[in-house]
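A closer look at the structure
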Amino acid sequence: MAKGKEQHAGHVKVELLHRTTLTCPELFLHLKERRRSLHHASTPNIRKQYLNERKFDIIFPMNTLIVLTAKYLYLVIILIAIVIFFKANRQDKIRLIKLAVIAGPLALIMVFISSHLFYDTRPFVAQNIQPLLPHSPDNGFPSDHTLISMLVALSIYQVKKRAGILLIILAIVVGASRVLAYIHYPVDILGSIVIAMVAVGIASFVLRRITK
């Protein structure tokens, strides 16, 4: 009886094998259609998942770099300027102090006037998005961080050209990072740069007139 069951099972297997047996062309077409259906069904999802993972891997460190730059780079600029100040000769130190005494108050006056004449809603408020770092939803014009950075950079440029150019570039990076962090619009950065240039320019002109 057990032998009969084995023979019956063998016949079933042979019959199933016969039913599922395909010729080479049929098998090729079957596999091709199967691969095409799997490709259309899974490739978009796999591709989307892969791109999302890559996007996260790229954006996460970029966002971290933007936050660190927007928050702390202006302090690096100030620190470099302090080192340059203490290494400078007496004449350059006196010139830097005079520039700070004149340009600083001038910049504050221009900021006070311009911020009352022009109100620029911050990007994260206008677009209803989350900024990369917390900030109050006040007037975005001008950018304080960019203004301080550019004032320092332009002042150093008056006595140390190469170091000043480096600090000016870093000040621009500060402004760009504040834009990328959704805290300022480019016009806020441009306004700060113009204010710093006018303030330092007037201070430098006054000092040249006094020393003549």
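Residues numbered from 1 in each chain as written. Predicted model: local features only at pLDDT ≥ 70, side-chain atom pairs only at ≥ 80, totals over all residues. Heavy atoms only, no water.

1. Focus on the packing of aromatic side chains
Enumeration over the complete set of coordinates arrives at 2 aromatic pairs. Here Phe-85 and Phe-86 contribute two aromatic rings whose centre-to-centre distance is 5.5 Å and whose plane-to-plane angle is 80°, an arrangement assigned as edge-to-face. Overall, the relative accessible area of 22% leaves Phe-85 in the partly exposed class. A cation over a ring is seen here: Lys-93 above Phe-85, with NZ or CZ 6.0 Å from the ring centre. Of note, Lys-161 hangs over the ring of Tyr-157, and the distance from its end group to the ring centre comes to 4.2 Å. (Phe/Tyr/Trp six-rings, centres within 6.5 Å; stacked < 30°, edge-to-face > 60°. Buried < 20%, exposed > 50% of the residue type's maximum accessible area, 1.4 Å probe, protein only. Lys NZ or Arg CZ within 6 Å of the ring centre and 35° of its normal.)

2. Some words on the layout of surface pockets
By volume, the largest pocket is sized at about 310 Å³. What lines the largest pocket is a set of 14 residues, and nearest its centre among them are Leu-96, Ala-100, Leu-151, Val-152 and Ser-155. Looking at the lining of the largest pocket residue by residue, the classes come out as 12 nonpolar, 2 polar and no charged. (1 Å grid on protein atoms, 1.4 Å probe; cavity = no way out; pocket = protein on both sides within 12 Å on 5 of 7 lines; lining within 4 Å. Points joined across faces, edges and corners; volume = space filled by probe spheres on them. Nonpolar A, V, L, I, M, F, W, Y, C, P; charged D, E, K, R; others polar.)

3. Quick look at helix H3 (residues 90-117)
Along its 28 residues, H3 runs 41 Å from first to last C-alpha, staying within 8% of the 40 Å computed at 1.5 Å per residue. All buried positions along H3 are accounted for by Asp-92, Leu-96, Leu-99, Ala-103, Ala-107, Val-111 and Ser-114. For H3, the N-terminal capping position is held by Asn-89, with its side-chain oxygen 3.3 Å away from the main-chain nitrogen of Gln-91. (Helix = DSSP H or I, 4+ residues; strand = E, 2+ residues; numbered from the N terminus. Expected span 1.5 Å × (residues − 1). Polar contact = N/O pair within 3.5 Å; in protein donor to acceptor, adjacent residues only side chain to side chain.)

4. Some thoughts on the confidence of the model for the chain
A low pLDDT score tells you not to read the predicted coordinates there in detail. Taken over all residues, the pLDDT of the chain has a mean of 82, while the share at 70 or more is 71%. Across residues 53-57, where pLDDT falls below 50, the model places 2 contacts with residues more than four positions away in sequence or in other chains. (pLDDT = per-residue confidence, 0-100. Contact = heavy atoms within 4.5 Å.)

5. Notes on unusual backbone geometry
Leave glycine aside and you will find that most residues have negative phi; peptide bonds, for their part, are mostly trans. Each neighbour pair has its own omega, and for Phe-141 with Pro-142 the value is -10°, a cis peptide bond. Relative to the helices and strands, Pro-142 is located in the loop between helix H4 (123-126) and helix H5 (144-157). Positive phi, close to 55°, is recorded for Asn-128, a residue that is not glycine. Residue position: Asn-128 is located in the loop between H4 and H5. Although it is not a glycine, Tyr-182 adopts a positive phi angle of roughly 65°.

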